[in-house]
Amino acid sequence: RIDVIGQSRLTYIIAESDNHFLLIDQHAAHERVAYERLMRGYLSGKLEIQDFLFPITVNLGADGVERILSQKEVLLRFGIDVDAGGADTVFVRSAPVIINESALEVTLKKMSDEIEQKGGTFAFEKVISDICASLACHSVVRAGQALSIIEMRTLLQEMDEFSFSSFCPHGRPVSLEIPFSKIERDFGRIN
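Residues numbered from 1 in each chain as written. Predicted model: local features only at pLDDT ≥ 70, side-chain atom pairs only at ≥ 80, totals over all residues. Heavy atoms only, no water.

Caption draft 1: View of the overall build of the chain. Within the chain one finds seven helices and seven strands. Along its sequence from the N terminus, the chain presents helices and strands in the succession β-β-β-α-β-α-α-β-β-α-α-α-β-α. Considered along the principal axes of its C-alpha atoms, the chain spans approximately 70 × 35 × 30 Å. Counting every position in the chain, which comprises 191 residues, the buried fraction comes to 41%. Sequence separation of 24 or more characterises 68% of the internal contacts of the chain that already satisfy a separation of 6 or more. Looking at the chain as shown, the accessible area adds up to about 10,600 Å², and 51% of this sits on carbon and sulfur atoms. In the chain, 20 side chains carry a positive charge and 28 a negative one; their mean positions are 4 Å apart. (Helix = DSSP H or I, 4+ residues; strand = E, 2+ residues; numbered from the N terminus. Buried < 20%, exposed > 50% of the residue type's maximum accessible area, 1.4 Å probe, protein only. Contact = heavy atoms within 4.5 Å. Areas by Shrake-Rupley, 256 points an atom, 1.4 Å probe, with all protein chains shown as cover. Lys, Arg positive; Asp, Glu negative; His and termini not counted. Charge placed at Lys NZ, Arg CZ, Asp CG, Glu CD.)

Caption draft 2: How the structure looks around the sheet that holds strand β4 (residues 49-59). If you walk across this open sheet you meet the three strands as β4-β6-β5, and the pairing is antiparallel. Where the open sheet ends on each side, the last strands, each with one partner, are β4 and β5 (81-84). Between one strand and the next, the sheet's axes are offset by a mean angle of 20 degrees, whatever the strand orientation. One ladder, built from four bridges, connects β5 with strand β6 (residues 89-96); its direction is antiparallel. Residue D81 lies in a different strand from β6, and its bridge partner there is S94. Against the sheet, helix α2 (residues 61-69) touches β4, β5 and β6, its axis set at about 135 degrees to β5. (Pairing = 2+ DSSP bridges. Axes fitted to C-alpha atoms, helices over the stretch in contact; angles between N-to-C directions.)

Caption draft 3: Geometry of the side chain of T89. Mapped onto the elements, T89 comes out in strand β6. In this structure the side chain of T89 is engaged in a polar contact, spanning 3.4 Å, whose partner is the backbone nitrogen of G86. (Polar contact = N/O pair within 3.5 Å; in protein donor to acceptor, adjacent residues only side chain to side chain.)

Caption draft 4: Inspection of the sheet that holds strand β2 (residues 12-16) at higher detail. Spatially, four strands are ordered β1-β2-β3-β7 in an open sheet, and the strand pairing comes out antiparallel. A strand with exactly one partner marks an edge of an open sheet, and here the two such strands are β1 (3-8) and β7 (175-179). Taking the axes of each pair of neighbouring strands and ignoring which way they run, one obtains an average angle of 20 degrees across the sheet. With five bridges joining them, β2 and strand β3 (residues 20-25) adopt antiparallel strand pairing.

Caption draft 5: Structural detail: the pattern of salt bridges. Per the stated rule, a full pass over the model turns up twelve salt bridges. The shortest N-O distance in the salt bridge between R40 and E161 comes to 3.8 Å. Of this pair, R40 sits in helix α1 (residues 26-44) while E161 sits in the loop between α6 (149-159) and β7, and the two are 121 residues apart along the sequence. Residue R93 is joined to D83 by a salt bridge in which the shortest nitrogen-to-oxygen separation is 2.8 Å. Highlighted residues: R93 in strand β6 and D83 in strand β5, separated in sequence by ten residues. Classification of D83 as partly exposed rests on a relative accessible area of 25%. Within the structure, one salt-bridge network assembled from shared partners comprises R37, R40, E158 and E161. (Salt bridge = Lys/Arg side-chain N within 4 Å of Asp/Glu carboxyl O.)

Caption draft 6: Molecular detail of the packing of helix α4 (residues 101-118) against helix α5 (residues 128-137). In contact at an axis separation of 8 Å, α4 and α5 are set at 150 degrees when each is read in the N-to-C sense. Classified by the angle between their axes, α4 and α5 sit roughly antiparallel to one another. In this structure, the crossing between α4 and α5 has a hand that is right-handed. Across the interface between the two elements, A103, V106, T107, K110 and M111 of α4 pack against D130, I131, S134 and L135 of α5. Tallied by class, the residues present in the contact of α4 with α5 amount to five nonpolar, two polar and two charged. (Parallel < 35°, antiparallel > 145°, perpendicular 65-115°, else oblique. Left-handed = near helix turned anticlockwise from the far one by under 90°. Nonpolar A, V, L, I, M, F, W, Y, C, P; charged D, E, K, R; others polar.)

None of this, on its own, says anything about what the molecule does.
This is the structure we're talking about:
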């Protein structure tokens, strides 16, 4: 059982278990949860999708539009429905509920750049993990964002859903665990 104590610097969740003091990076933790949900949804074909009342317009330049539209079928597997919006733009008509508008723009631009750099050898399937990491990173709480105790508890409960949640998708640790025995030793309470 983990008890949330509070938040430090609007970045770290402070918590404790029976034997440990915990510091959790709220962005890294939420990013890991979002990443795992996107990967699970992608692999199972069961992502919760939202249709936009008004399509989101993403400016990619003419070549970028062509590159993204060449991956339309693969993007649909993510629930991301794109159409040509004009010479330089695409319209995003739907996307997974878990991701936000800015994440779509950043990810589509990144994907277009990857296709350009790798030319005809670009294989979207090989970078699914990178795309999920990018979507997750730009869709979650940030450092510097105030969270309520309930939001912090919910995030820690969501982390328990996934067995591998000790690192964010980019490899940064999600939490630090300090045994109370070490703290007690450091304060001279025990030998």
